[in-house]
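# Coordinates in review
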Amino acid sequence: MMTTAARLSKSRFVTGCQCHKLLWWTVHEPNALELQPDKVLQDLFDQGRQVGEAARARYPGGVLIDLPHDARAARVAATQKALDAGAPAIFEATFIADDTYVAIDVLEQLNDGYRLTEVKSSTSQKPEHIPDVAIQARVAAACGVKVRAAAVLHLNKEFRHPASGDLFARTDVTAPVVALLPSVPDEIDRQREMLAGPLPDVPVGLHCFEPRKCPFMGRCWPDAPDHIRHLAGVGPKKTAAYLTRGITSIAELPAREKLNFTQRRQLKAMADQRLIVEPTLARELARFTSPLSASAERRTGGEDSRRKRGTGGEVLGFLDFETIARAIPVWPGMAPWQQAAAQFSYHERQPDGSYTHAAFLAEGPNDARPPLAAAMVRATAHAGRVVMYTPFEKTRIRELQRAVPRLATELAALEAKLIDLHPVVKNCVYHPDFKGSFSLKAILTPLVPELTYNDLVIVDGRVASVEIARLLFVADKIPRQERDRVRQELLDYCQRDTWAMVKLVERLQQLSERP
Ligand code: SF4
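This write-up is about the structure you can find in this document. Bear in mind that the values here come from a model prediction, so they are computed numbers and not experimental data. (Residues numbered from 1 in each chain as written. Predicted model: local features only at pLDDT ≥ 70, side-chain atom pairs only at ≥ 80, totals over all residues. Heavy atoms only, no water.)

## Overview of the nonpolar core
It is characteristic of soluble globular proteins that their nonpolar side chains tend to be buried jointly. Core analysis: the largest hydrophobic core is formed by 75 residues, its most contacted members being M376, L421, L447, L504 and L508. Here the element with the most residues in this core is helix α20 (residues 480-513); it accounts for 10 residues. Those residues in contact with M376 that lie beyond four places of it in its chain are L319, F321, F344, I397, L400, L411 and L414. Residues C19, W24, A32 and A93 belong to the second largest nonpolar core, which totals 54 residues. (Core = buried A, V, L, I, M, F, W, Y, C linked by side-chain atoms within 4.5 Å. Buried < 20%, exposed > 50% of the residue type's maximum accessible area, 1.4 Å probe, protein only. Helix = DSSP H or I, 4+ residues; strand = E, 2+ residues; numbered from the N terminus. Contact = heavy atoms within 4.5 Å.)

## Thoughts on the sheet that holds strand β11 (residues 355-361)
Spatially, β11-β10-β9-β12-β13 is the arrangement adopted by the five strands of the open sheet, whose pairing is mixed. Strand pairing shows two members of the sheet lacking a second neighbour, β11 and β13 (418-420), which therefore form its edges. Strand after strand, the sheet turns through a mean of 30 degrees between neighbouring axes, direction not considered. Here strand β12 (residues 385-388) pairs with β13 via three bridges, running parallel. From the neighbouring strand, V386 faces β13, where its bridge partner is L418. Against the sheet, helix α15 (residues 392-403) touches β9 (316-325), β10 (339-349), β12 and β13, its axis set at about 70 degrees to β9. Docked against the sheet, α20 engages β9, β10, β11 and β12, running at close to 140 degrees with respect to β9. (Pairing = 2+ DSSP bridges. Axes fitted to C-alpha atoms, helices over the stretch in contact; angles between N-to-C directions.)

## Concerning the pairing of β12
Side chains of β12 alternate between two faces, with R385 and V387 and V386 and M388 buried alike. Taken together, the three bridges between β9 and β12 define a ladder with parallel strand orientation. Counted as the bridge partner of G317 is V386 from β12.

Written as structure tokens, this is what we have:
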């Protein structure tokens, strides 16, 4: 254990503002498994770096303190040199005071001092940016810099690729930073004192989720399946409210607690330790299993309907998308962080009960939406209804109607065929192993134990999104063999998602037929 006070930095201070225990582990166990960035976090860092670099173009004549972060003394000296030379802006301007190290994204000269600007890749200024800027203002001021204004330069949600509007928007945060400044030295002292002692005892609460989900939740939160955070529909805020009331497990909920229907069903399933299936399942599932209804036939039009009637049953499709989301948008009309479909998997049940499969995965940096939309319209042309899980696919198809106007009519027709399986499960079925979640991954193993994602490399939509973006935009940096392998892993993952829906419908049908 350390006995001398640890040196702070901007990021450590901000971490400490979230939770002292999190800061203690971050400082004393820097190699902890939980702190090693996964692909998704690494991608977030990379995108943040890209946004920072793009922001610098706004400050002509700016000087970058381009030295390694561990060369602190050299960085401080280079910053002083740039200040003395009257640089109009200094990027990564570095200062040390109160044994605290900060590197300011942009220190911009004003008539009577400097404006300190923190660049963020978010699309708005958030409350957690204030301590972030305040620690920088405090340290710079302690080093003699006249900080007159403070701002957060974030991405502008109104911007559209390639050049509609300004990519950045600036929010002045001088007033909230000035209001917070008097408390900063005390918080620095508290953090340094805490770091010199043993692991602090901090109870769990909302701070474990906000502003960032803590990587150490596995250490602090009990893994019990009946923990109150596993009550259906309960997010961080409600969980924290229950904890404040002293309710840590579902069993501790008072008998007169106001709960919704889904939660009551969950409590019953947990008490009986069994799967509960509502008698309404057969009715709710009818659209997913029965032949095309007369009204649906009218909707889909004469020729196709006659063809389907001729085959004696409806063609049912199962659709799933994977998307990319980039801080700096990449395709026409896209806003910062907007999701765009880049991959789909589609299973189709033929009237004879067999299944066909179609897939699309973007290749190269060009806009993937037109070829994706064309392939999807072709693949789904004969489906009467298309199953999705949650409205995610519907939202993407609506976006595609705007992005690919020449296929807007066909895409609107596809949108009209979509039917959502998620509410059927949520309204009618509960297994204790759902642990309060109705996500496809959460319900699949309890309901269809023979089908898992265990044999796949990619098992998470966020990882899939990052991997697709890597294949599309930095392919030249990836060896050919790795590119082929990742491509196959993505295809396997998306295909498993639609096959999971196929199996889920079959299983739900069996359950609905049970006496
Ligand atoms: S899980 Fe919560 S209490 Fe534990 S270190 Fe993280 S933020 Fe702190």
